[in-house]
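The lines below spell out each chain.
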Amino acid sequence: MSNILFEIRDNVAVLTLNRPEKFNSFNREMALELQQRLDDCATDAAIRCVYLTGNGKAFSAGQDLGELTGDDPPGFEVILSEHYNPIITRLRKIEKPVVCAVNGVAAGAGANIALACDVVVATASASLIQAFSKIGLIPDSGGTFTLPRLVGFQKASALMMLGDKVPATEAERIGMIYKVFADENFAAESLLIAATLSQMPTKGLAYTKMALNASWDNSLAGQLQKEDELQYKAAHTADYTEGVNAFLEKRTALFTGQ
């Protein structure tokens, strides 16, 4: 059985972590399969949004600790360099929006994979946990980079050191995630966000993502230059022409992602 369920709904690729009996904790097979599926999404022009969620009660409990204690376990240098870091890099570099639908607990690397996505929503009963300190590790999967930028240095430091469970409603309040939906409406509401993004100007969204990525390292002058560069590209897309014409003609724009 596949560790990653893959389905295309119109222009949305639905990727579902599929080890529910292990709370979708990552082993090598699932990590590599997720990387491959993200590569497939990146190269398929028909896919204009990626929707990532989990099967069962959890989004992901992070690393499968059983893999670390079995025969011939992989070292952390392998787990980080070959499993998690490539996933985070793909999520940030794919030129399409990625919606993460946190359907249950997201812990450790599972939480930080979620936070690396472009739009993160959660069901009301979900929670996010920086669980690393509980077993003597440090946050990985980009968590020490992403979380302080979402919630501030002091809050991130405390959450990582204390390992507090953050309920979804609190995660929304402090800016860790975008929005919370009631459990009974979660699937429909979160998929609607992905469907909406899949019909928007895909290249423009990709350039927005590039600008946000650059802002993590740029000075103001450097960021203004990056905006100039990317705005020039956006202004030469077919979707920009369509958007302007639709506005002037007082009709709904029909974007094609080009």
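Before reading further, recall that the structure is shown in the block above.
My aim in this report is to walk through the structure given alongside it, one point at a time. Computed from a predicted model, the values in this text were never measured in an experiment.

### Observations regarding the pairing of strand β2 (residues 12–17)
Consecutive residues of a regular strand have side chains that alternate between opposite faces of the sheet. Of all six residues in β2, six are buried, a share of seventy percent or more. In β2, alternate side chains face the same way, and those of V12, V14 and T16 on one face and A13, L15 and L17 on the other are all buried. The pairing of strand β1 (residues 4–9) with β2 spans six bridges and is classified as antiparallel. In the strand pairing of β2, L5 is matched with T16. With antiparallel pairing between neighbouring strands as the criterion, β1 and β2 make up a hairpin whose turn holds two residues, including D10 at a positive phi of roughly 55 degrees. Taken together, β2, helix α1 (residues 28–43) and strand β3 (residues 49–54) form a β-α-β motif whose crossover is right-handed.

### A word on the layout of surface pockets
Approximately 480 Å³ is the volume found for the largest pocket. Taken together, 24 residues form the lining of the largest pocket, with R92, C117, D118, V119 and L212 sitting closest to its centre. Broken down by secondary-structure element, the contributors of at least two residues to the lining of the largest pocket are β7 (119–123), α5 (143–151) and α9 (202–215). The leading source of residues in the lining of the largest pocket is α9, at six residues. Its residues placed into classes, the lining of the largest pocket shows 15 nonpolar, four polar and five charged.

### Description of empty space enclosed by the protein
Counted under the stated rule, the structure contains one cavity of 30 Å³ or more. In this structure, the largest cavity encloses a volume near 50 Å³. What lines the largest cavity is A111, L115, L128, I129, Q130, L147, L159, D164, V166 and M176. At the level of secondary structure, the elements contributing two or more residues to the lining of the largest cavity comprise α4 (109–115) and β8 (127–129). When grouped by side-chain class, the residues that make up the lining of the largest cavity number eight nonpolar, one polar and one charged.

### Comments concerning the sheet that holds β2
If you walk across this open sheet you meet the six strands as β1-β2-β3-β5-β7-β10, and the pairing is mixed. Single-partner strands in this sheet number two, and they are β1 and β10 (179–181). Strand-to-strand twist in this sheet, taken as the mean axis angle between neighbours without regard to direction, amounts to 20 degrees. Here β7 runs beside β10; their pairing, made up of three bridges, is parallel. Directly across from T123, in β10, lies its bridge partner F181. On the sheet, α1 packs against β1, β2 and β3 and is oriented at approximately 180 degrees with respect to β2.

### Here's the deal with the pattern of salt bridges
Taken as a whole and judged by the stated rule, the model has 11 salt bridges. When the shortest N-O distance is used, the salt bridge between R37 and D40 registers 3.6 Å. Within this pair, R37 and its partner D40 are both found in helix α1, separated by three residues, close to a single helical turn. Linking R173 and E170 is a salt bridge whose minimum nitrogen-to-oxygen distance equals 2.9 Å. With R173 and E170 both in helix α7 (residues 168–173), this residue pair falls three residues apart, about one helical turn. If you follow the salt bridges from partner to partner, you end up with R92, D118 and K209 in one network.

The rules behind each value
Residues numbered from 1 in each chain as written. Predicted model: local features only at pLDDT ≥ 70, side-chain atom pairs only at ≥ 80, totals over all residues. Heavy atoms only, no water. Buried < 20%, exposed > 50% of the residue type's maximum accessible area, 1.4 Å probe, protein only. Helix = DSSP H or I, 4+ residues; strand = E, 2+ residues; numbered from the N terminus. Pairing = 2+ DSSP bridges. Right-handed = clockwise from strand over helix to strand, strands pointing away. 1 Å grid on protein atoms, 1.4 Å probe; cavity = no way out; pocket = protein on both sides within 12 Å on 5 of 7 lines; lining within 4 Å. Points joined across faces, edges and corners; volume = space filled by probe spheres on them. Nonpolar A, V, L, I, M, F, W, Y, C, P; charged D, E, K, R; others polar. Axes fitted to C-alpha atoms, helices over the stretch in contact; angles between N-to-C directions. Contact = heavy atoms within 4.5 Å. Salt bridge = Lys/Arg side-chain N within 4 Å of Asp/Glu carboxyl O.

Geometric values such as these leave the question of function open.
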